[in-house]
Amino acid sequence: QAKTSGRNTLCFFDPQMQEMVSAKVSMQTDLRQALDQQQFELYYQIQVDAADRTLGAEALIRWFHPVRGLVSPGEFIPLAEEIGIVQGIGHWVLEKACGQIQAWQQNPLACDLTLSVNVSPKQFFQTDFVNQVQSLIHSYAINPHLLKLELTESILIKNVEDTIATMNQLGAMGVQFSLDDFGTGYSSLQYLKKLPLNQLKIDQSFVRDLATDSGDQAIVRTIIAMAKSLGLNVIAEGVETFEQRQFLLGSDCTHFQGYLFSKPLPINQFEDLLKAMAG
Ligand code: C2E
Ligand code: MG
Ligand code: MG
Ligand code: MG
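Residues numbered from 1 in each chain as written. Chains lettered and ligands numbered in written order. Predicted model: local features only at pLDDT ≥ 70, side-chain atom pairs only at ≥ 80, totals over all residues. Heavy atoms only, no water.

Peer 1: Where do I start with the overall build of the protein in this structure?
Peer 2: The helix and strand tally for the protein stands at 12 helices and 10 strands. Its C-alpha atoms give the protein a radius of gyration of 21 Å, near enough to 19 Å, the size a compact globule of 279 residues would have. Taken along its principal axes, the extent of the C-alpha atoms in the protein is 70 × 45 × 40 Å. Expressed as a percentage of the 279 residues in the protein, the buried residues total 46%. Nonlocal contacts in the protein, meaning residues at least 24 apart in sequence, comprise 66% of its contacts between residues at least 6 apart. Taking the 20 positively charged and 30 negatively charged side chains of the protein as two groups, their mean positions are separated by 4 Å. (Helix = DSSP H or I, 4+ residues; strand = E, 2+ residues; numbered from the N terminus. Rg over C-alpha atoms; globule rule 2.2 N^0.38 Å. Buried < 20%, exposed > 50% of the residue type's maximum accessible area, 1.4 Å probe, protein only. Contact = heavy atoms within 4.5 Å. Lys, Arg positive; Asp, Glu negative; His and termini not counted. Charge placed at Lys NZ, Arg CZ, Asp CG, Glu CD.)

Peer 1: How do you make sense of the coordination of the magnesium ion (ligand 3) when you look at a structure like this?
Peer 2: Where a metal carries four tetrahedral donors, each ideal angle is 109.5 degrees; where it carries six octahedral donors, the ideal angles are 90 or 180 degrees. Donor atoms from the polypeptide that coordinate the magnesium ion (ligand 3) comprise Asp180 (OD), Asp181 (OD), Glu237 (OE) and Glu237 (OE), at 2.1 to 2.4 Å from the metal. A separation of 4.0 Å is found between the magnesium ion (ligand 3) and the magnesium ion (ligand 2), which share Asp180 as a coordinating residue. The exposure class assigned to Asp180 is buried, which follows from its relative accessible area of 6%. (Donors = N, O, S within 2.8 Å, 3.2 Å for Na, K, Ca; no water.)

Peer 1: Help me understand the site of ligand 1 in this model?
Peer 2: Surveying the vicinity of ligand 1 reveals 22 residues, the closest of which are Arg62, Asn118, Asp180, Glu240 and Tyr259. Considered on its own, ligand 1 offers 800 Å² of accessible surface; in the complex 83% of this is hidden by protein. Contributing elements (two or more residues each) for the shell around ligand 1: strand 2 (54-65), helix 2 (73-82) and strand 6 (176-182). Considered class by class, the residues forming the shell around ligand 1 number eight nonpolar, seven polar and seven charged. (Near = heavy atom within 4 Å. Areas by Shrake-Rupley, 256 points an atom, 1.4 Å probe, with all protein chains shown as cover. Nonpolar A, V, L, I, M, F, W, Y, C, P; charged D, E, K, R; others polar.)

Peer 1: Explain the coordination of the magnesium ion (ligand 2) here, please?
Peer 2: Protein coordination of the magnesium ion (ligand 2) is provided by Glu58 (OE), Asn118 (OD1), Glu150 (OE) and Asp180 (OD), with donor distances spanning 2.0 to 2.2 Å. Summarised as a motif, the one-chain spacing of the donors to the magnesium ion (ligand 2) is E-x59-N-x31-E-x29-D. What makes Asn118 partly exposed here is its relative accessible area of 29%.

Peer 1: What am I meant to see in the environment of Ile46 here?
Peer 2: Along the chain, Ile46 falls in strand 1 (residues 40-48). Residue class for Ile46 comes out buried when judged on its relative accessible area of 0%. Separated by 38 residues in sequence, Ile46 and Gly84 have C-alpha atoms that sit 30 Å apart. Among all residues touching Ile46, those that are not within four sequence positions of it are Thr54, Gly56, Ala57, Phe256, Gln257, Phe261, Ser262, Phe270, Leu273, Leu274 and Met277.

Peer 1: Can you help me understand unusual backbone geometry in this one?
Peer 2: Excluding glycine, most residues fall at negative phi; most peptide bonds, likewise, are trans. Unusually for a residue other than glycine, Gln38 sits at a positive phi of about 55°. Positionally, Gln38 belongs in the loop between helix 1 (15-34) and strand 1. Although it is not a glycine, Asp52 sits at a positive phi angle of roughly 60°. Along the chain, the position of Asp52 falls in the loop between strand 1 and strand 2. Given a relative accessible area of 38%, Asp52 falls into the partly exposed group.

Peer 1: Can you help me understand the nonpolar core in this one?
Peer 2: The nonpolar side chains of soluble globular proteins are, as a tendency, buried together. Leu147, Leu149, Leu197, Leu200, Ile202, Leu248 and Phe270 are the most contacted members of the largest nonpolar core, which has 77 residues in total. Broken down by element, the residue count for this core peaks at eight residues, all from helix 3 (residues 86-105). (Core = buried A, V, L, I, M, F, W, Y, C linked by side-chain atoms within 4.5 Å.)

Peer 1: Would you mind going over the packing of helix 3 against helix 5 (residues 129-139) with me for this structure?
Peer 2: Helix packing geometry: the angle between the two helix axes and the distance between the axes. Two elements in contact, helix 3 and helix 5, have axes whose closest approach is 10 Å; the angle formed by their N-to-C orientations is 25°. Judged on the interaxial angle alone, helix 5 and helix 3 are roughly parallel. Crossing hand, helix 3 versus helix 5: right-handed. In this structure, helix 3 uses His91, Leu94, Glu95 and Cys98 to contact helix 5, whose residues at the interface are Phe129, Gln132, Val133 and Leu136. Of the residues assigned to the contact of helix 3 with helix 5, the class counts are five nonpolar, two polar and one charged. (Axes fitted to C-alpha atoms, helices over the stretch in contact; angles between N-to-C directions. Parallel < 35°, antiparallel > 145°, perpendicular 65-115°, else oblique. Left-handed = near helix turned anticlockwise from the far one by under 90°.)

Rendered as structure tokens:
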């Protein structure tokens, strides 16, 4: 095979490598069509306080691939970033989320729930991002306070001044911000102080071994104390056990999200859960 190809022909000698590359290419092709083919869905994961009252939810995208089945956003969101289509997907997510907030505003069980939406860096740095959010808030007539945008520290590497300016414009409209996966990135305390944030979200990697790992315990206590002193609320993600919840509660963290309470659910099941939680 290699002998017959010309000098300028690109060829792969490693069949396993070739398989990986072609799998990625076909995934890209499918991903480009997924939005038009309506293969995305939003799932909702409940967020609760220390008294198990519902505070809100995080919207998490799901891709139902016609052949592969469910593909995790951890797999396809980075790919969508890479091929420059995360903006369209992100807009779809935001629009769907605003529609959901509008529906909840009419529902006595859900009218004050915040909905957290993950925003990827390329989506956030679109020149018209503020306008997109503003026009969705307007079209769906939602209380902007109920929309919480989750940013990651990776956004800060790009451009701190632009990030702050964009956040300030959205914040002035009433939109809230949470810093997701906190502790896993590179944000300096200098930046953290400057950002108009409402919430820090403790990454699940620090929560996982919280019952036994004294290093994680120290980190989590420190994050909580720092958040408090900056006037931010703090939520822990990936809370799976009662012991983790107890440690967090004892360290003054009163907002939780994780499998202990519920997995992310399709909207119908999420609304059943809201009813059950309300007793
Ligand atoms: P994330 O925003 O940090 O979301 C938390 C992830 O942890 C979710 O995975 C959630 O299902 C999972 N999780 C929640 N509770 C637990 C728990 O108790 N234990 C464990 N082990 N995991 C838990 P998911 O839904 O697979 O999403 C993965 C990542 O994909 C998200 O991490 C986020 O970075 C990204 N993502 C998801 N939806 C969107 C979206 O609409 N837009 C963008 N840009 N990114 C998204
Ligand atoms: Mg998130
Ligand atoms: Mg997270
Ligand atoms: Mg994460």
